[in-house]
Amino acid sequence: MANAFSKEEKVAFDQLLEGFNDALVMSRNVTVYNYNQTDAARTTAMPGVPVPPISPAGANFGTVWRPQPYIMTSATTTPGIGITFADKTQLTVPASITTVKTSAWAMNSVELRDALQEGRLAAGANQKLASDINVALMQAATGLGSLVVPIGTPAGSFDDIALCDTLMNETGVMGDNRYLSLSSRSYNGLAGNVVGSTRSFGANNRSDKAFERAYVGMVSSFDTYKQDYALRLTGNTQIPGAATIATNGAQANFVPKATDVTVAGVLNVDNRFQTVAVNNGALFNVGDAFTIEGIEAVHLITKQPTGQPKTFRVVKIVGNNVTITPPIISADNAPTEAELQYKNCERAGAGLAAAQVTFLNTTTADLNCFWHKSAIEILPGRLAIPENAGVAVMRASTDQGIEVVMQKQFNIASSLTEYRLDVLFGTAVLNTEMCGILLFGQ
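Anyway, here's the lowdown on the structure attached to this text. (Residues numbered from 1 in each chain as written. Predicted model: local features only at pLDDT ≥ 70, side-chain atom pairs only at ≥ 80, totals over all residues. Heavy atoms only, no water.)

Attention now goes to helix α4 (residues 158-171). Compared with the 20 Å implied by 1.5 Å per residue over 14 residues, the 20 Å span of α4 between its first and last C-alpha is a close match. Among the residues of α4, those classed as buried are D160, I161, A162, C164, D165, L167, M168 and T171. Positive backbone phi, approximately 95°, marks G172, located one or two places after α4. (Helix = DSSP H or I, 4+ residues; strand = E, 2+ residues; numbered from the N terminus. Expected span 1.5 Å × (residues − 1). Buried < 20%, exposed > 50% of the residue type's maximum accessible area, 1.4 Å probe, protein only.)

Shown next, in the form of structure tokens:
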């Protein structure tokens, strides 16, 4: 074939893939779901299968409903006395393959004399695509993570990270496979704290690493990672009480359900979100983190109150209707079995017609995120590119199953050799109460 890859290009592609694997920091620490690509193609246009409400703009290359972890209830029993065998509700989350990322370049016959230049371009493309995947996962985690830890000072203390650990423990998140991704400023501030706090222990390898390489490692049950980029969350300067949410009546107490009967048939329900009535939608911004007067967090397994306000995030605003995550499931009004299973908060009394909202992101700051590995998924996709259409194609998969495709063709009219690298993937947050954000300077 005229457009066949040379031996040198094949070697370069193998080396490029090794570097691509090394750069996928975020995807190594989330769950990978390998969705059958034929099924993905067939479900793309199925009626009644909605795109997740916060998925990236653009095409939907296949949606699959992924199960959330079961949360079960228990009861005190006495031998000889009958028990109730109640139906349990399995909740699911829509996960979509939504993103194609491409890096393309062209080289003329003069430029191709420098083989090193060609390799540098490929390495740069590799770096950008790996960054795109990491950023997509970071956007998913920081956009929907509902556990919020606001700190009034700049980063620099073990206690800051310990608060994230405490919040996860109080919520009932498993103690293993926890990760924390910090902006460079926050991470290096913490490294400075490690240097100072451990140096008195004599020959201390951890202190030496923190001093020489700004390396932190595991802190308060989290494996920590440094971002060379940082997403930012705009501060909301509304005074406490300016914004209110109605937490009385049935509209505030969310009732989880696995399916819903509609004119289109029986459809799965996404139970991560709830729409609530507010006094003025203009006081809210997408991404805001907040607490609600009278709404207290509970341990998701034991259902015991934690004594701490429940934290929420804004994901969508339409007029005075605001979509939040997680929903308010207080199970305090003739609760169904599903409400008892998935209860996540205590609601004071019957709720308030105008419960005060307190925003936690009071100043614009870097988004540091923490999560449990099972809370976030990446869905690798596969591009079906014909290999007998005059274009040379090489493909290989990363350790996480993400396929990287490289194509090459020569245009005789322009004397240009064109290259492109492609990846196809999707991300999903399965449980917004198992991941969150750490904000400094609030």
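Let us look at the side chain of D422. Structurally, the position occupied by D422 is in strand β24 (residues 416-429). Engagement of the side chain of D422 in a polar contact is seen with the side chain of T102, the distance being 2.5 Å. Aside from chain neighbours lying at most four places away, what touches D422 is V100, K101, T102, L129, L383, E403, V404, V405 and Q407. (Polar contact = N/O pair within 3.5 Å; in protein donor to acceptor, adjacent residues only side chain to side chain. Contact = heavy atoms within 4.5 Å.)

Here we take up the nonpolar core. With 64 residues, the main nonpolar core has F20, I133, F370, W371, L421, V423 and L438 as its most contacted residues. With 10 residues, helix α3 (residues 115-144) is the single largest residue contributor to this core. Apart from the residues lying within four places of it in its own chain, the contact partners of I133 are F20, L24, I378, I402, V423 and F425. Core analysis: the next-biggest nonpolar cluster, separate from the first, contains 18 residues, V278, L283, F312 and V314 among them. (Core = buried A, V, L, I, M, F, W, Y, C linked by side-chain atoms within 4.5 Å.)

Most of strand β16 (residues 321-325) is tucked away, with 4 of its 5 residues classed as buried. Note: strand β13 (residues 274-277) against β16, 4 bridges, orientation antiparallel. Counted as the bridge partner of A277 is N321 from β16. Relative to β16, strand β15 (residues 305-318) is paired through 5 bridges, and the arrangement is antiparallel. Across the sheet, residue R313 finds its bridge partner in β16, namely T325. From the end of β15 to the start of β16, which pair antiparallel, there are 2 residues, and G319 there has a positive phi angle of about 60°. (Pairing = 2+ DSSP bridges.)

An order of β5-β25-β20-β6-β8-β7 is seen for the 6 strands of this open sheet, with the pairing classed as mixed. Across the chains shown, the open sheet's two edge strands, defined by having one partner strand only, are β5 (147-150) and β7 (218-219). Judged from the 4 bridges that link them, strand β20 (residues 368-372) and strand β25 (residues 435-439) form a sheet pairing that is antiparallel. Looking at β25, one finds that N368 is bridged to L438. Where α4 meets the sheet, it contacts β5, β6 (178-182), β7, β8 (222-226), β20 and β25, and its direction lies at approximately 150° from that of β5. (Axes fitted to C-alpha atoms, helices over the stretch in contact; angles between N-to-C directions.)

So, on to the pairing of β25. Most of β25 is tucked away: 5 of the 5 residues are buried. Judged by which residues are buried, β25 turns out to be covered on both faces: C435, I437 and L439 on one side and G436 and L438 on the other are all buried. Summarising the sheet, β5 and β25 pair through 4 bridges and their orientation is parallel. From the neighbouring strand, V148 faces β25, where its bridge partner is I437.

One pass over the structure, following the stated rule, counts 12 salt bridges. Note that K128 is salt-bridged to D132, the shortest N-O span being 2.4 Å. With K128 and D132 both in helix α3, this residue pair falls 4 residues apart, about one helical turn. In this structure K128 comes out as partly exposed when scored by relative accessible area, which is 45%. (Salt bridge = Lys/Arg side-chain N within 4 Å of Asp/Glu carboxyl O.)

Under the counting rule described, the total for this entry stands at 8 aromatic pairs. Ring centres of F284 and F290 lie 6.2 Å apart, and the angle between their planes is 85°; this geometry places the pair in the edge-to-face category. Take F290: its relative accessible area is 0%, and that puts it in the buried class. Consider the rings of F290 and F359, whose centres lie 6.4 Å apart with planes at 65°: the pair is edge-to-face. Residue F290 is found in strand β14 (residues 289-298), and its partner F359 is found in strand β18 (residues 355-359); the two are separated by 69 residues along the sequence. Exposure remark for F359: the relative accessible area of 5% places this residue in the buried category. Cluster of aromatic residues (ring-pair linked, three or more members): F284, F290, F312 and F359. (Phe/Tyr/Trp six-rings, centres within 6.5 Å; stacked < 30°, edge-to-face > 60°.)

Turning next to unusual backbone geometry. In the segment running from T325 into P326, the intervening peptide bond is cis, with an omega of -5°. Tracing the backbone shows P326 in the loop between β16 and α7 (337-342). Residue S220 is not a glycine yet carries a positive backbone phi of 50°. Residue placement: S220 occurs in the loop between β7 and β8. In this structure, A334 takes a positive phi of about 45° despite not being glycine.

On to the environment of E377, then. Relative to the assigned elements, E377 resides in strand β21 (residues 376-380). Separated by 346 residues in the primary sequence, E377 and T31 place their C-alpha atoms 4.7 Å from one another. If we skip the residues at most four places from it in the chain, E377 touches T31, Y33, R66, L137, G426, T427, A428 and L430. A distance of 2.9 Å separates the side chain of E377 from the side chain of R66, its partner in a polar contact.

Don't take any of this as a statement about function, it's just geometry.
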